[in-house]
Amino acid sequence: MSYLFALLPCLLALALCQNEIRTLADALFVKLDLDNDAHIEKPEVGDYFKTFDRNGDSRVSQQEYVTVIDAQYGDNPEWQRILHNVFGRLDFNNDNHLDVLDYDRLFSSADVNANSLVNELEFYNFFHSLTL
């Protein structure tokens, strides 16, 4: 019985973390859905990441990514931590940059029903898988 009481703080921490991830996913969905139509289309992913490309080379280095994340989420260290850890999972081709190949793979991975639109649930499930 005592092990159940020991487990309670862990379960509470897990629930709080899941809530934080859900809130962050919701905020990111709004940022990615540039035309506010409740779906993310493939061009919106590339357009969103263009804001990270500080040197205009059509690629986002990890430093560029971290700089933008820190500027956007500097008031929320937990979100910063989560997003810093996600970079490596988004870099599908492992070249230490995010580029069109990564954006396309990101979109196809999130678009579970292959209808060329990512709805909020698809995005949440994809984002949640990145944080595991």
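Remember, it's a predicted structure, so these values are computed and weren't measured experimentally.

Bringing the overall build of the chain into the picture now. Scanning the chain from N- to C-terminus turns up six helices and two strands. Tracing the chain from N to C terminus, the helices and strands come up as α-α-β-α-α-β-α-α. Long-range pairs, those at least 24 residues apart, make up 53% of the contacts in the chain between residues at least 6 apart in sequence. A total of about 7,700 Å² of accessible surface is found on the chain, and carbon and sulfur atoms cover 60% of it.

It is the contact of helix H3 (residues 62-73) with helix H4 (residues 77-90), at a shortest axis distance of 10 Å, that shows an interaxial angle of 155°. With respect to H4, the element H3 is oriented roughly antiparallel. Viewed along their axes, H3 and H4 form a crossing whose handedness is right-handed. Contacts between H3 and H4 involve Gln62, Tyr65, Val66, Ile69, Asp70 and Tyr73 from the first element and Pro77, Trp79, Gln80, Leu83, His84, Val86, Phe87 and Leu90 from the second. Class assignment of the residues belonging to the contact of H3 with H4 gives a composition of ten nonpolar, three polar and one charged.

Attention now moves to the confidence of the model for the chain. Per-residue confidence for the chain gives a mean pLDDT of 88; residues scoring 70 or more make up 87%. Summarising per-element confidence for the chain, the mean pLDDT is lowest in helix H1 (residues 2-32) (69) and highest in strand S1 (residues 60-61) (97). Confidence over residues 10-16 falls short of pLDDT 50; this stretch has zero contacts with residues more than four positions distant or in other chains.

Glancing now at the packing of aromatic side chains. One pass over the full model with this rule turns up nine aromatic pairs. Measuring from centroid to centroid gives 5.2 Å for Tyr48 and Phe49, while their planes differ by 75°, and the two rings are edge-to-face. Judged by relative accessible area, Tyr48 falls into the buried class, the value being 9%. Both rings, one in Tyr48 and one in Phe52, keep their centres 5.2 Å apart while their planes meet at 65°; by these two values the pair is edge-to-face. Pair check on accessibility: Tyr48 and Phe52 agree, each one buried. Directly above the aromatic system of Tyr124 lies the positively charged group of Arg22, at a separation of 4.3 Å from the ring centroid.

This next bit is on the UniProt feature "domain: EF-hand" (unreviewed entry) in the chain. Using the residue numbers shown here, the UniProt feature "domain: EF-hand" (unreviewed entry) corresponds to residues 40-75. From the first C-alpha to the last, residues 40-75 spans 26 Å; its make-up is 58% helix and 6% strand.

Looking now at helix H6 (residues 120-131). In an α-helix there are 3.6 residues to a turn, and that puts residues three or four apart on one side. Here H6 is twelve residues long and its end C-alpha atoms lie 17 Å apart, about the 16 Å a rise of 1.5 Å per residue gives. Turning to H6, its buried residues number three or more, namely Glu122, Phe123, Tyr124, Phe126, Phe127, His128 and Leu130. With a side-chain oxygen positioned 3.0 Å from the backbone nitrogen of Leu121, the residue opening H6 is Asn119.

About the thresholds
- Here the residue numbers are simple positions, counted from 1 along each chain's written sequence.
- Where totals are concerned, whole chains, interfaces and linings use all residues; where local detail is concerned, this predicted model gives features only for residues with pLDDT of at least 70, and gives and counts side-chain atom pairs only at 80 or more.
- Note that water and hydrogens are dropped before the side-chain values are worked out from all heavy atoms of the structure.
- Strands are runs of DSSP state E lasting at least 2 residues, helices are runs of H or I lasting at least 4, and numbering of each runs from the N terminus.
- Any two residues having at least one pair of non-hydrogen atoms within 4.5 Å are treated as being in contact.
- Calculation of accessible area relied on Shrake-Rupley with a 1.4 Å probe; when residues are assessed, cover is drawn exclusively from the protein chains displayed.
- Between N-to-C directions, angles span 0 to 180 degrees; the directions come from axes that are lines fitted to C-alpha atoms, helices contributing only their stretch in contact.
- Roughly parallel refers to an angle under 35 degrees, roughly antiparallel to one over 145, roughly perpendicular to one between 65 and 115, and oblique to any angle outside these ranges.
- By convention the crossing between two helices is left-handed if the near helix lies anticlockwise of the far one by an angle smaller than a right angle, and right-handed if it lies clockwise.
- Each residue receives one of three labels: charged for Asp, Glu, Lys and Arg, nonpolar for Ala, Val, Leu, Ile, Met, Phe, Trp, Tyr, Cys and Pro, and polar for the others, Gly being one of them.
- Predictor confidence is given residue by residue as pLDDT, running from a minimum of 0 to a maximum of 100.
- Two rings from Phe, Tyr or Trp (for Trp, the six-membered ring) form a pair when their centres sit within 6.5 Å of each other. Planes less than 30 degrees apart are called stacked, planes more than 60 degrees apart edge-to-face, and all others tilted.
- Buried means the residue's accessible area, taken with a 1.4 Å probe over protein chains only, is under 20% of the maximum for its type, while exposed means over 50%, and partly exposed covers the values in between.
- Both a distance and an angle decide whether a charge sits over a ring: NZ of Lys or CZ of Arg must be within 6 Å of the ring centre and within 35 degrees of the ring normal.
- UniProt positions are given in the numbering used here, feature names are shortened, and annotations may be inferred rather than shown by experiment.
- Multiplying 1.5 Å by the helix residue count minus one yields the expected span of that helix.
- Polar contact is defined as a pair of N or O atoms within 3.5 Å, subject to the rule that within protein one atom must be able to donate a hydrogen and the other to accept it, and that residues adjacent in sequence are counted only when both atoms are side-chain atoms.

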